[in-house]
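The chain contents come next:
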Amino acid sequence: MTEHAAQHAGPGLGDLFWPVLNFIIFVAVLVHFLRGPVGEYFRARTARLRDALLAGARAREEAEALRAALARDIGDLPALQEQLRQDMRAAAELEANHLIALGRTAAERIRSDARVLAEQELEAARRHLRQETIDEAIREATALIRRALQPEDQHRFVRDFVSRAEMGS
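Residues numbered from 1 in each chain as written. Predicted model: local features only at pLDDT ≥ 70, side-chain atom pairs only at ≥ 80, totals over all residues. Heavy atoms only, no water.

(A) Just the overall build of the chain, in detail. Helix and strand counts for the chain come out as 3 helices and 0 strands. When the helices and strands of the chain are read in sequence order from the N terminus, they spell out α-α-α. Against the compact-globule benchmark of 15 Å for 169 residues, the chain has a radius of gyration of 65 Å, which places it well outside the compact range. Its C-alpha atoms put the chain at 205 × 45 × 35 Å along the principal axes. For the chain, with 169 residues in total, the buried portion stands at 1%. As presented, the chain carries roughly 15,400 Å² of accessible surface, and 64% of it is formed by carbon and sulfur atoms. (Helix = DSSP H or I, 4+ residues; strand = E, 2+ residues; numbered from the N terminus. Rg over C-alpha atoms; globule rule 2.2 N^0.38 Å. Buried < 20%, exposed > 50% of the residue type's maximum accessible area, 1.4 Å probe, protein only. Areas by Shrake-Rupley, 256 points an atom, 1.4 Å probe, with all protein chains shown as cover.)

See below:
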């Protein structure tokens, strides 16, 4: 081989030594300086993943408990509806009885007031009727006396009045 062929034959083992040594030194420096931060990163990531998995397990358990509670509540729903109906009926009956009692009390008060008012009106009508009867009797008596009295009766009444007046003094 000629010199020229030796130059173009390709890189030899000696040509790869320095880049490989540089790469090994670079990797050693990276490992030396980054071992702590990379290890801490992976520890933190592992802790975050573990916490997330635990939170997911807790959420799944809570969801299962909630699903079981909902299933129980759905199963109890007809009984709860019936209980609510009974409670509403009882409350309505209580309110109806209360309103009936109030109505009876109001009706009794109205009857009592009407009775008192009727008695007052009746007494007023009696007084008025009595007064009219008396007034009519006086008118009739006056008319009868005027018709029955003669002029000589009037003179005699005057004499009797005067004689009694003289006796009394």
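(B) View of the pattern of salt bridges. Tallying each qualifying case throughout the model produces 6 salt bridges. In this structure, the salt-bridge partner of arginine 67 is glutamate 64, at a minimum N-O distance of 2.1 Å. Taken as a pair, arginine 67 and glutamate 64 lie in helix H2 (residues 13-148) at a separation of 3 residues, close to a single helical turn. A relative accessible area of 41% means that glutamate 64 is categorised as partly exposed. Across the pair arginine 111 and glutamate 108 runs a salt bridge whose closest N-O atoms are separated by 3.0 Å. Note that arginine 111 and glutamate 108 are positioned in helix H2 at a spacing of 3 residues, about one turn of the helix. Under the relative-accessibility criterion, arginine 111 is labelled partly exposed at 47%. (Salt bridge = Lys/Arg side-chain N within 4 Å of Asp/Glu carboxyl O.)

(C) Summary view of the packing of aromatic side chains. Scanning the entire structure with this criterion turns up 2 aromatic pairs. Pairing tyrosine 41 with phenylalanine 42 gives two aromatic rings, centres 5.1 Å apart and planes at 70°, and the pair type is edge-to-face. Owing to a relative accessible area of 44%, phenylalanine 42 belongs among the partly exposed residues under this scheme. Directly above the ring of phenylalanine 157 sits arginine 156, whose terminal nitrogen or CZ lies 5.2 Å from the centroid. (Phe/Tyr/Trp six-rings, centres within 6.5 Å; stacked < 30°, edge-to-face > 60°. Lys NZ or Arg CZ within 6 Å of the ring centre and 35° of its normal.)

(D) Molecular detail of the confidence of the model for the chain. Chain-level statistics for the chain give a pLDDT mean of 87 and a share of 93% at 70 or above. No element of the chain has a lower mean pLDDT than helix H1 (residues 3-7), which averages 54, and none a higher one than H2, which averages 90. (pLDDT = per-residue confidence, 0-100.)

(E) Structural view of the environment of aspartate 153. By secondary structure assignment, the location of aspartate 153 is in helix H3 (residues 151-168). Distance from aspartate 153 to leucine 21, taken between C-alpha atoms, is 177 Å for residues 132 residues apart in sequence.

(F) How the structure looks around H3. Between the first and last C-alpha of H3 there are 26 Å, a value that for 18 residues agrees with the 26 Å anticipated at 1.5 Å per step. Of all 18 residues in H3, 1 are buried, a share of ten percent or less. (Expected span 1.5 Å × (residues − 1).)

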